[in-house]
Amino acid sequence: MAGSRTRFRRWSLVVLSAVAALALAAAGTGWWAVQRAFPDTEGEIALPALEGGATVYRDAYGIPQIYADTPEDLFRAQGFVHAQDRFWQMHFNRMTTAGRLAELFGEEQMETDVYLRTMGWRRVAEQEYELLQPATRAYLDAYSEGVNAYLDRRDGGELGVEFAVLAAMSPDHRVQEWTPVDSLAWLKAMAWDLRGNMQHESERAALLASGIDRERIEELYPPYPEQEHRPIVEGGQIRGGEFHADESGGAGESAGGGDAALPPRPAAEVLAEVGADLERLPPMLGPESPGLGSNSWVVSGEHTRSGLPLLANDPHLGAQMPSVWYQTGLHCAEVTPECPFDVTGFSFAGLPGVVIGHNADIAWGFTNLGPDVADLYLERIEDGAAIVDGEREPLRTRKETVKVAGGEDVSFTVRSTRHGPLLSDARAALELREIGARPPVGADGEPAEQAADAPGGGYGVALSWTALEPGTTADAIFDMNAAEDFASFRDAARSFEVPAQNLVYADTEGNIAYQAPGTIPVRGAGDGRWPAPGWDSDYDWTGFVDFDELPVVRNPESGYIVTANQAAIGSDYAHLLTRDWAYGYRSERINTLLGRAVEQGDLTTADMARIQLDNQNSGARAVVPHLLKAEVPGTAARAQDLLADWDLQQDADSAAAAFYNATWNHLLDLLFDELGPDHAIDGGARSWLVVDRLLDEPGSPWWDGAAADGRDAVLSEAMRRAAGELSERLGADPADWRWGELHTLTVPHPSLGSSGIGPMEWLFNGSPVAASGGDSTVNATGWDRTEGYAVTTVPSMRMAIDMAELDAARWIDLTGASGHAFHPNHQDQTPLWARGETVPMPFTRDAVERRAEHVLRLRPS
């Protein structure tokens, strides 16, 4: 939707200017003010927290490989190193997940804090800690000790230049000790950004409230095209309580209880308001986009040069500085049952362990499964109770207080129904109490007029979301790190509850596999696409899909497995996972490229990297023939000629890609002008499929517009407008237009990078680079068409592993190891990333020591 990407709200320009000046004055201007936060990477440091020693090797990119004799010391060292490089990121994230941003930045962040406290992320994380295995708790404790050992050594601007700015803005703020709950709360942030279809659910309600009828809304959200874009698992059945994959098709009866009752438009307005508020919450994994997703695949050794499997992974997340990922290696000096870790991969600063990577036996990758794990319920509230099946159920309540820098504390009451916290109460806490001022629907779901005399009536919106129940995902991370085969990896995956992911797997014995884990609800009625009537218990969740019944496949006949957020399995699967899958353009393109590659055989990690960099716009294949038939004059006609022999590749130096994407942008505005700027359709895979269908329906009312009437007229006008726009921006000659001049990436600092003050943005943001690819291409550099062509979501890292030669694995991060502005490793990987290059990913100690340029020894004091 237009404007749906939420940015972290900034201070006013005047305040920020003052803050910048005060911060530099307080810290001492110049290079020293920045450099004093840089980490010590050589020599020896005494840490009281350690029981034994630990050694940290860093290569030319500052990537640490950590060795210790015990797992506790290993994770203490990891906490110390994370804090060395990324403590501002860690601190900002924990303040966000705790609903404490207003303590840092004042009242403008109160809305975020109220909503996050209403959901209670940190409260859930506190409950989770007690559920975890003793070993997991010990590792989280040890990690916290390592972080705090670093905090004991530094203060203020020594932790990062951001803290100097913060000291000027909020002089009373004090950095508190790190706790295991700070780490666990980050898992809630992951789950929020990857929560499935809740945005679509609220968007549909908003469109209904705007006056669009349901039939036309459904045209904007078509079913997954499984006959054209194959699912991850193409067949299988649940027998004896377990899923059995096969290639015969047919997984059982189609699941799902049908649509929820359509909310009346007044009720839809309530839901739309809450949905709009939620979209303004700061995304934790970088800017949000409909193109958010990931690619991963594994190829059997029968098709590879080495004779063992290859695994590739590139998660697509919002661009942020520093990257959400942190590359590292965690190695027990001697691998034993007591110290089982020997793993290299991508971690999150603030969370111990490795999230994606490999050990000596197995490798794994993630993409978002995207099941529907969150439902909005419209609740009827009367005198402190929710009405369910005609009976009153008292609301559960708790008090919350938001502290506000430079202002008064704000206290409010969180109320919850059987379905979850009332998000509409968050609006009330923000003095937006109109939601309950009049009953928008009656108990039977009829419009407001028929219930206007209900005494004490009012309505609210509650959230049911699997991440609001405590779980054991942290156990899964450590168990995956230590897994030795698919059986132990799959056992670890049982604990990976939220966010539900597609797991791809390869091992040194030659096996490849796929597993869908996660806590996925079973609905009594409805299919989760529309908000549900909370007053009817038929729409309650009745349980969760059993892990053993979730899709799994091992060593398929095809010799490869592709996951790219497409449907995990066909619509005849026995359980409803979601009806709002990504539409499978990326996955089908990868399947096509891999299918060609395995026919030739002899594949290497270099072949995997080439596929990761494919820039084909698969959606353009249906559109370009129609554009070529349309009549346009002058510059637009010359630009149209660029499309005649275009290979659909969106390379940065492509003139045709520049013209096509500008045309596409204007086409969507013209075609869906009824939606208006507040509800503009996104430019990615969903609109690709919608427009593909509409091109074959020239009589559709969608083609009737104010600026152009009829399919051919709309196509012509879109090209005319695109040519005019690009002539102004890139010059009069279409041959000189370049996609990369429009489609640039400037990696933003999530808290201080959009101030509007040049020096501040120069200090904290990355340098701009031209980007290839686009939304929903394999090289998925997404853009928000309502705000321009600049890149917002990216392949946040890339990794390719050959199980026969682990030291030959390759990886790249979006930015670099360091979170400190101007550090040599702050953005040293970005130019390589933009060119599609990778760097070595050493694993064995010999390889690590050969590449080491800095060695730091940590010892107990």
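Refer to the structure presented above.
Residues numbered from 1 in each chain as written. Predicted model: local features only at pLDDT ≥ 70, side-chain atom pairs only at ≥ 80, totals over all residues. Heavy atoms only, no water.

Draft legend 1. Examining the overall build of the protein more closely. Scanning the protein for helices and strands turns up 26 helices and 33 strands. Out of the 861 residues in the protein, the part that is buried amounts to 64%. Within the protein, contacts between residues separated by at least 24 positions form 74% of all contacts whose residues are at least 6 apart in sequence. (Helix = DSSP H or I, 4+ residues; strand = E, 2+ residues; numbered from the N terminus. Buried < 20%, exposed > 50% of the residue type's maximum accessible area, 1.4 Å probe, protein only. Contact = heavy atoms within 4.5 Å.)

Draft legend 2. Representation of the pairing of strand β10 (residues 356-359) within the structure. Neither face of β10 is exposed, since I356 and H358 on one face and G357 and N359 on the opposite face are all buried. Pairing of strand β9 (residues 342-347) with β10 involves four bridges; the strand directions are antiparallel. Bridge pairing links V343 to N359 in β10. Sheet analysis places β10 next to strand β11 (residues 362-368), joined by two bridges and oriented antiparallel. Following the sheet pairing, G357 is matched in β11 by W364. (Pairing = 2+ DSSP bridges.)

Draft legend 3. Local environment of the sheet that holds strand β15 (residues 396-402). The strand order across the open sheet built from three strands is β15-β16-β17, with neighbouring strands paired in antiparallel fashion. Both edges of this open sheet fall to β15 and β17 (420-421), since each of them pairs with a single strand only. Sheet topology places strand β16 (residues 410-417) next to β17; two bridges connect them, and they run antiparallel. By the bridge assignment for β17, S416 is matched with P421. The sheet strands contacting helix α5 (residues 110-119) are β15, β16 and β17, and the helix crosses β15 at an angle near 150°. (Axes fitted to C-alpha atoms, helices over the stretch in contact; angles between N-to-C directions.)

Draft legend 4. Seen up close, the packing of aromatic side chains. Taken as a whole and judged by the stated rule, the model has 35 aromatic pairs. Seen in terms of ring centroids, F672 and W702 are 5.2 Å apart; in terms of plane orientation they differ by 70°. Their pairing is edge-to-face. Placement of the pair is F672 in the loop between α20 (655-671) and α21 (685-695) and W702 in the loop between α21 and α22 (711-730), with a sequence separation of 30 residues. Taken individually, F672 and W702 each receive the classification buried, so the pair is uniform in this respect. Seen from their ring centres, W762 and F822 are 5.1 Å apart, and the 55° between their planes marks the pair as tilted. Of this pair, W762 sits in helix α24 (residues 758-764) while F822 is found in the loop between β31 (810-813) and α25 (830-835), placing the two residues 60 residues apart along the sequence. The class of F822 is partly exposed, set by a relative accessible area of 36%. An aromatic cluster of three or more residues is present, and its members are F87, W88, F92, F105, F163 and W178. A cation over a ring is seen here: R845 above Y67, with NZ or CZ 4.1 Å from the ring centre. (Phe/Tyr/Trp six-rings, centres within 6.5 Å; stacked < 30°, edge-to-face > 60°. Lys NZ or Arg CZ within 6 Å of the ring centre and 35° of its normal.)

Draft legend 5. Representation of the sheet that holds strand β2 (residues 54-58) within the structure. One open sheet accounts for 11 strands, arranged β1-β33-β2-β3-β8-β9-β10-β11-β19-β20-β24; its pairing is mixed. A single partner strand is all that each edge strand has here, and the edge strands are β1 (43-46) and β24 (552-554). Averaged over all pairs of adjacent strands, the angle between their axes in this sheet comes to 15°, without regard to strand direction. Across five bridges, β2 lies against strand β33 (residues 854-859) in antiparallel orientation. Along β33, the bridge assignment pairs V56 with L856. Lying over the sheet, helix α14 (residues 473-482) contacts β9, β10, β11 and β19 (501-507), oriented at roughly 145° with respect to β11.

Draft legend 6. Quick peek at the pairing of strand β5 (residues 242-245). Pairing between strand β4 (residues 236-239) and β5: four bridges, direction antiparallel. Paired with Q237 across the bridge in β5 is H244. Hairpin remark: β4 followed by β5, antiparallel, with two residues in the connecting loop; positive phi at G240, about 60°.

Draft legend 7. Layout of the nonpolar core. Core analysis: the biggest nonpolar cluster contains 165 residues, and M119, L463, W465 and L858 have the highest contact counts within it. The dominant element in this core, judged by the number of residues it contributes, is helix α3 (residues 71-97), at 11 residues. Excluding its chain neighbours within four sequence positions, the residues that come into contact with M119 are W192, L281, R398, P421, L423, L463, W465 and L468. One finds V632, A658, W664 and A718 within the second-largest nonpolar core, a separate group that totals 58 residues. (Core = buried A, V, L, I, M, F, W, Y, C linked by side-chain atoms within 4.5 Å.)

Draft legend 8. Focus on the pattern of salt bridges. Scanning the entire structure with this criterion turns up 42 salt bridges. Among the salt bridges present, the one from R398 reaches E400, with a minimum N-O distance of 2.6 Å. Across the pair D425 and R415 runs a salt bridge, and its minimum N-O distance is 2.7 Å. On the criterion of sequence distance, the pair formed by D425 in helix α13 (residues 423-429) and R415 in strand β16 is long-range, its members being 10 residues apart. Through salt bridges with shared partners, a single network forms among E51, D73, R76 and E145. (Salt bridge = Lys/Arg side-chain N within 4 Å of Asp/Glu carboxyl O.)

Draft legend 9. Just α3, in detail. Across its 27 residues, α3 extends only 27 Å between first and last C-alpha, which sits more than 12% below the 39 Å expected from 1.5 Å per residue. Along α3, the largest kink reaches about 95° and is centred on R86. For α3, a buried count of 26 out of 27 residues is recorded, marking the element as mostly surrounded by other parts of the structure. (Expected span 1.5 Å × (residues − 1). Bend = angle between axes of the 7 residues up to and from the residue.)

Draft legend 10. Spatial organisation of the environment of T344. Looking at where T344 falls in the secondary structure, it is placed in strand β9. When its relative accessible area of 0% is taken as the criterion, T344 is described as buried. Considering only alpha carbons, one finds T344 and I356, 12 residues apart in sequence, at a separation of 8.4 Å. When sequence neighbours within four positions are dropped, the list of residues in contact with T344 reads Q65, T328, G329, H331, V354, I356, G357, H358, W811, M841, P842 and F843.

Draft legend 11. Layout of the environment of L603. Relative to the elements of secondary structure, L603 occurs in the loop between α16 (585-600) and α17 (605-612). For L603, a relative accessible area of 3% puts it in the buried group. On a C-alpha basis, the gap between L603 and S306 in space is 8.1 Å, while along the polypeptide they are 297 residues apart. In contact with L603, other than residues within four places in its own chain, are V299, H303, T304, R305, L310, A597, V598 and M608.

Draft legend 12. Main features of helix α7 (residues 134-151). The terminal C-alpha atoms of α7 lie 26 Å apart, and with 18 residues this matches the ideal 26 Å at 1.5 Å per residue to within 8%. Those residues of α7 that sit buried are T136, Y139, L140, A142, Y143, S144, G146, V147, N148, A149, Y150 and L151.

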